[in-house]
Every structure is written in C-alpha cells, then in structure tokens.
Amino acid sequence: YNNSEFQLTGGTIYGNTIKGFNNRSNLYGGGVCNDADGRFTMSGGMISGHAATAGGVAYGGGVYNKDSDFALSGGTISDNSVSNDGGGIYFAGDGRSWTISGGTITGNRATGDGAGVCICADRESDQMCLQLSGDPMIWENTKDGQQSNLYMYQKYDLKNAMTQGAKVGLSL
C-alpha cells in the first residue's frame, strides 16, 4: 500500500493473494495499491503472479491506482488475475497523471473489463489522464480466452506518438 512516494526500479513483487469472503468484501490491488495522493513510478522490476478475488468487487490484480499519479516506463506487469476489472492495472479517480511510455503488461486475466489495463472514469475528462507514448507492450491479456488489453469507459484522444515496436490492443 502506498500513499506517498514509491519507485520500483528492479526486483520482484510476486505471488500475493487477497481474497474476500462475503458479498460485501471490496478488494483493491493484489500486488500494489497506490491510493490517496500517492506517486508510483515503475522503471524496472516485475509485478507478477498476484490474485485478487472477492465476493463483492476486486479491482487491480497487479496494481490498483486511485486518486494518485502513476508512471510506467519499464519493467513488467504480468500473470496477475482479478475477479472484476483490471487484471494488470486498474485506474480510477480524479484527473491525475497516468503515464505509460514503456514496459510490458502481458498475460494478465480478468473476469470483467480490461484484463491488461482498465480505466474507470466517471467523467470524460478523466479519460484524458492516461498518456500513452514510447514503446509500451500491452498485449496477450485475456477475458474469457479473448484479448482484452486496454479498456476505456469513455472516449480517448491519443495525443502522444508511440514509437516503432509499441503494441497496444484497445477496447472501448
């Protein structure tokens, strides 16, 4: 859990499981929960093998990010699962800075939307918080055996150029 400053430049956060036992259990972030004005920067390392399952709702198998800044420029978020939305990363909250300019998000699973990345934004302006650029790989994440890589509830305007080698599957 982070509500301050967290930088992951190497190493592995691996194999955590959080599980709810009744229909009112709400769970957030199997690997990392970045909340309440936190700043999470990932330039290396791995977040892998986490599971978040709940009788109520579970969001963010690998990373749950709410009302906080997030930047991914390197490293891997893989093989995480969640019983709702955002197998790899789940973004929620007000207009913060969410940047994905590199790194790999792959092999994650969700029973809901966005097995790789899910952006839940109540307002159209919140969707604009995500800035894609560089050479991220958001691919081979699945819901019910089908690709479900980047899911957005509202529209999105790609403002930054991605470089050769970037691969992002998008679902609206």
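Residues numbered from 1 in each chain as written. Predicted model: local features only at pLDDT ≥ 70, side-chain atom pairs only at ≥ 80, totals over all residues. Heavy atoms only, no water.

**Student:** Go over the side chain of Asp85 with me, naming the residues and quoting the values.
**Tutor:** Within the element layout of this structure, Asp85 appears in the loop between strand S13 (81–82) and strand S14 (89–92). One buried charged side chain, Asp85, makes no salt bridge at all; its nearest oppositely charged neighbour is Lys143, positioned 6.8 Å away. One polar contact links the side chain of Asp85 to the main-chain amide nitrogen of Asp113, over a distance of 2.7 Å. Discounting chain neighbours no more than four positions away, the residues touching Asp85 are Ala58, Tyr59, Gly60, Tyr90, Gly112, Asp113, Gly114, Cys118 and Tyr153. (Helix = DSSP H or I, 4+ residues; strand = E, 2+ residues; numbered from the N terminus. Buried < 20%, exposed > 50% of the residue type's maximum accessible area, 1.4 Å probe, protein only. Lys, Arg positive; Asp, Glu negative; His and termini not counted. Salt bridge = Lys/Arg side-chain N within 4 Å of Asp/Glu carboxyl O. Polar contact = N/O pair within 3.5 Å; in protein donor to acceptor, adjacent residues only side chain to side chain. Contact = heavy atoms within 4.5 Å.)

**Student:** How would you summarise the sheet that holds strand S1 (residues 5–8) if you had to cite specific residues and measurements?
**Tutor:** The 5 strands lie next to each other as S1-S6-S11-S15-S19, forming an open sheet whose pairing is parallel. Edge positions in the sheet fall to S1 and strand S19 (130–132), since each of these pairs with one other strand and no more. Each adjacent strand pair in this sheet contributes to an overall mean axis angle of 10 degrees, direction not counted. When strand S6 (residues 39–42) meets strand S11 (residues 69–72), the two strands line up parallel, connected through 4 bridges. Its bridge partner lying in S11, Thr41 is registered against Ala71. (Pairing = 2+ DSSP bridges. Axes fitted to C-alpha atoms, helices over the stretch in contact; angles between N-to-C directions.)

**Student:** An account of the side chain of Asn149 is needed here, citing residue identities and associated values.
**Tutor:** Here Asn149 lies in the loop between strand S22 (146–147) and strand S23 (150–152). Every residue in contact with Asn149, bar those within four places of it in the chain, is listed here: Gly116, Val117, Ile138, Trp139, Glu140, Asn141 and Gly169.

**Student:** Explain the packing of aromatic side chains to me, and be specific about the residues and the numbers.
**Tutor:** Overall, the coordinates contain 8 aromatic pairs when judged by the stated rule. Here Tyr28 and Tyr64 contribute two aromatic rings whose centre-to-centre distance is 4.7 Å and whose plane-to-plane angle is 45 degrees, an arrangement assigned as tilted. Of this pair, Tyr28 sits in strand S4 (residues 26–28) while Tyr64 sits in strand S10 (residues 63–66), placing them 36 residues apart in sequence. Ring geometry for Phe91 against Trp98: centres 4.8 Å apart, planes inclined by 20 degrees, an arrangement best described as stacked. For the pair Phe91 and Trp98, a shared accessibility class is recorded, and that class is buried. Three or more aromatic residues joined by ring pairs make a cluster, and in this case those are Phe6, Phe40, Phe70, Phe91 and Trp98. (Phe/Tyr/Trp six-rings, centres within 6.5 Å; stacked < 30°, edge-to-face > 60°.)

**Student:** Describe the pairing of S11, listing the residues and the values that go with them.
**Tutor:** The side-chain alternation of S11 yields one buried face, formed by Phe70 and Leu72, and one unburied face, formed by Asp69 and Ala71. Relative to strand S15 (residues 98–100), S11 runs parallel, the two being bridged by 3 bridges. Bridge pairing links Ala71 to Thr99 in S15.

**Student:** Explain the nonpolar core residue by residue, including any values.
**Tutor:** In this structure, Ile47, Phe70, Phe91, Ile100, Val117 and Leu130 are the most contacted members of the largest nonpolar core, which totals 23 residues. Contributions of two or more residues to this core are made by S6, S11, S14, S15, strand S18 (117–120), S19 and S23. Apart from the residues within four sequence positions on either side, Ile47 is in contact with Leu8, Ile13, Val32, Phe40, Met42, Gly62, Val63, Thr76, Ile77, Ser78 and Asn80. (Core = buried A, V, L, I, M, F, W, Y, C linked by side-chain atoms within 4.5 Å.)

**Student:** Residues and numbers for the sheet that holds strand S24 (residues 167–168), please.
**Tutor:** Taken together, 6 strands build an open sheet; the order of strands is S2-S7-S12-S16-S20-S24 and the sheet is parallel. The strands lining the two open edges of the sheet, one partner per strand, are strand S2 (12–14) and S24. Two strands pair when backbone bridges link them, and S2 and strand S7 (residues 46–48) are joined in this way by 3 bridges, in the parallel orientation. Note that in S7 the partner of Ile13 across the bridge is Ile47.

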